[in-house]
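# Tertiary structure, described
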Amino acid sequence: MPALDPLLQPTRFEWGCATSSFQIEGASTADGKVPSIWDTFCAEPGRIKDASDGRVACDHYHRFADDVRLIAELGFKHYRFSIAWPRITTSNNRLNVAGMDFYKRLLDALDQHGITPNATLFHWDLPAHLEGGWLNRDTAYRFAEYTELVARHLGDRLPRVATLNEPWCSAFLGHDLGVFAPGVQNRAQSLVAAHHLMLAHGLGLQAWRSVQAQTSLGIVLNPELCDPLTDRPEDVQAARLAEWERNDCFLNPLFGREWPDALLEQIGELNAARRDGDLAICAQPLDFMGLNYYTRSIARAPVTVNDAQRGYTFVAPTAPKRLTDIGWEIYPEGLTRVVQNLQAQWPLPPLWITENGAADNTGLAHGAVDDGMRCDYLLAHFEQVAGLIRNGADIRGYYVWSLMDNFEWAHGYSQRFGIVHVDFHTQKRTPKRSALMLQKLLRE
Ligand code: GCO
């Protein structure tokens, strides 16, 4: 039976599980919730692989009390979740009391079970009525107002808060590749969105701190580790461009640094969207940074016209590489490499691994789910975390993605990331072997 490295013992290291609002809550019109861009995106034919949506999801909105009990039973003392902006504000950006009350009830339940909340303010479910979304600079100011509202109503109960989750996905999957909401395909605009997201982050931190000075504040990123397909200079350059987009585009502003020239060239005339003084707003002091890690990428010199605009083409991993069920390479060493890479370039605050996990679609058999691949995946990544800490990295905690199977964005319900199985017809929860393994590890 595996054991936890002494450096990861729960007495000195924070263990949690993670979810996000749109992926689990359902109740998409309950108690005055207004539509998010993911509600409208799901309604467009062809956007979601299994033509599903988030209207019911895990019905967590109604089942949160049982879900919190389950988190406690599994032995987690920390829970990362996100607050749905369109649930707690109205269509004219005022407080929606009923929506806010849901999070108060959730916090009460966590409190009763001795679980510390770790909240994210924006995990992609942008209110659909905000005109232009992240392409409109005003959205950054609306985000600051929303942040202030959460700080006023929940701030004294939230010890740690992240502004954005993976702004790269909102910016580039949403506005360049167009596979995430709002489904735009425009390279230069994706860079505008990235800038407005970072501006929102900075304005949000200012707004929160003006209300609640004690909260530990940060952001959650998914930095890239991108290896070139070959050592030909054009492939090496392509891999570097992919990393600039994924890392420098977000980390540079956080530390008051300009974007690399290659990104400035790609934004072209739209660079006017970035105004004097913006960099200083983005570079608010950070109390922590959350890192999400799943896999690495392999890039080669661009092959299509669209790829030429972004400067690289990703190469899908093939056998004999080990893949999870979503097709991502299992590459635990990448976690060490990516953290070391960031440490070498930016003055990082304390780190939390805020997401790590695998799509393992093993189903129920005789009332149990034997997700051995996920167990191996998790254990291999725990080892990397311990190794990093041993070598001096300041990593304070680890959150498994995800507590339960849920709405996996453009994949709908076809990919299962949960350590708890969800039967989406009955909403029955069944802890998988991975959950039982974690329960045992955390108890010892
Ligand atoms: C993320 C996402 C999750 C995904 C997970 C698996 O932040 O990337 O938070 O929502 O479900 O990454 O793709």
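As shown above, the structure is provided for reference.
So, here's what we can say about the structure. (Residues numbered from 1 in each chain as written. Predicted model: local features only at pLDDT ≥ 70, side-chain atom pairs only at ≥ 80, totals over all residues. Heavy atoms only, no water.)

## A word on the packing of aromatic side chains
What counts here: The aromatic pairing rule takes the rings of Phe, Tyr and Trp, using the six-membered ring of Trp, and pairs them if the centres are within 6.5 Å, calling planes under 30 degrees apart stacked, those over 60 edge-to-face and the rest tilted. Categorising residues by exposure relies on relative accessible area from a 1.4 Å probe, with only protein chains included: less than 20% of the type maximum marks a residue as buried, more than 50% marks it as exposed, and the intermediate range marks it as partly exposed.
With the rule as written, the count across this model stands at 34 aromatic pairs. Ring geometry for F102 and Y103: centres 4.8 Å apart, planes at 75°, overall edge-to-face. Across this residue pair, the class does not change: F102 and Y103 are buried. An aromatic cluster is defined as three or more aromatic residues linked by ring pairs; in this entry it consists of F22, W38, F41, W124, F180, F407, W409, Y413 and F424.

## Some remarks on the sheet that holds strand β8 (residues 297–300)
To keep things clear, this is the line we draw: Any two strands are treated as partners once DSSP identifies two or more bridges connecting them. Here a strand is any run of E in DSSP of at least two residues, a helix any run of H or I of at least four, and the numbering for each starts at the N terminus.
With respect to topology, 3 strands assemble into an open sheet ordered β6-β8-β9, the strand pairing being mixed. With one partner strand each, in any of the chains shown, β6 (226–228) and β9 (313–314) form the two edges of the open sheet. With 2 bridges joining them, β8 and β9 adopt antiparallel strand pairing. Across the sheet, residue R300 finds its bridge partner in β9, namely T313.

## Brief notes about the site of the ligand
Put simply, the rule reads: Definition of nearness: a residue and a molecule or strand are near each other if at least one heavy atom of the residue lies within 4 Å of the molecule or strand. Residues adjacent in sequence count toward polar contacts only when both atoms are side-chain atoms; beyond that, a polar contact is any pair of N or O atoms within 3.5 Å, and within protein one must be able to donate a hydrogen and the other to accept it. Working definition of accessibility: Shrake-Rupley area with a 1.4 Å probe, residue cover restricted to the visible protein chains. Here a cavity denotes a set of grid points, spaced 1 Å apart and computed over the protein atoms alone, in which a 1.4 Å probe fits but from which it cannot get out, and a pocket denotes an open set meeting protein on both sides within 12 Å along at least five of seven lines; residues with an atom within 4 Å of a point are reported as lining. Put plainly, a molecule is in a cavity or pocket when over half of its atoms are within 2 Å of the grid points there. Each residue gets one label: Ala, Val, Leu, Ile, Met, Phe, Trp, Tyr, Cys and Pro are nonpolar, Asp, Glu, Lys and Arg are charged, and the others, such as Gly, are polar.
Around the ligand there are 13 residues in total, and Q23, H123, E166, E355 and E408 lie nearest to it. Separating an oxygen atom of the ligand from a side-chain N or O atom of W409 is a distance of 2.8 Å. Across the complex, the protein chains shield 95% of the 310 Å² of accessible surface that the ligand would expose by itself. Judged by the fraction of its atoms near the pocket grid, the ligand is located in the largest pocket. Each residue belonging to the shell around the ligand can be placed in one class, and the counts come to 6 nonpolar, 4 polar and 3 charged.

## Points about helix α7 (residues 167–175)
Operational definition: Should any heavy atoms of two residues lie within 4.5 Å, those residues are considered in contact.
Of all the 9 residues making up α7, 9 are buried; the element is thus mostly covered by neighbouring parts of the structure. Among the residues of α7, P167, W168, C169, S170, A171, F172, L173, G174 and H175 are the ones counted as buried. Residues of α7 that are buried make contact with β3 (116–122), β4 (160–165), α8 (187–211), β5 (216–221) and α9 (233–254).

## Observations regarding the packing of helix α5 (residues 97–112) against helix α6 (residues 138–154)
Filter applied, for reference: Working convention: axes come from line fits to C-alpha atoms, limited for helices to the stretch in contact. Angles between N-to-C directions cover 0 to 180 degrees. Angles below 35 degrees are treated as roughly parallel, those above 145 as roughly antiparallel, those between 65 and 115 as roughly perpendicular, and all remaining angles as oblique. Each crossing gets its hand from how the near helix is turned against the far one by less than a right angle, where anticlockwise is left-handed and clockwise is right-handed.
At a closest axis distance of 11 Å, the pairing of α5 and α6 adopts a crossing angle of 45°. For the element pair α5 / α6, the angle class is oblique. In the packing of α5 onto α6, the handedness of the crossing is right-handed. Between α5, through M100, Y103, K104 and L107, and α6, the contact on the second element is made entirely by L149, V150, H153 and L154. Its residues placed into classes, the contact of α5 with α6 shows 6 nonpolar, 1 polar and 1 charged.

## Here's the deal with the pattern of salt bridges
Using the following cut-off: When a carboxyl oxygen of Asp or Glu lies within 4 Å of a side-chain nitrogen of Lys or Arg, that pair is called a salt bridge.
Evaluated as defined, the whole model comprises 31 salt bridges. Its salt-bridge partner being R433, residue D370 comes within 2.3 Å of it at the nearest N-O pair. A residue pair is termed long-range when its members are at least 10 positions apart, and D370 in the loop between β10 (351–355) and α14 (372–390) and R433 in helix α15 (residues 433–443) qualify at 63 residues. Residues K432 and D405 are paired through a salt bridge, measuring 2.8 Å at the closest nitrogen-oxygen approach. Taken together, the residues K432 in the loop between β13 (429–431) and α15 and D405 in the loop between β11 (395–401) and β12 (420–422) connect sequence positions 27 residues apart. Looking at K432, the relative accessible area reads 0%, which means it is buried.

## Side note on the side chain of K33
One can find K33 in the loop between α1 (21–24) and α2 (37–42). Of the polar contacts made by the side chain of K33, one reaches the backbone oxygen of S28; its length is 3.3 Å. If near-sequence neighbours (up to four positions away) are discounted, K33 is found in contact with A27, S28, D39, P86, R87 and N96.

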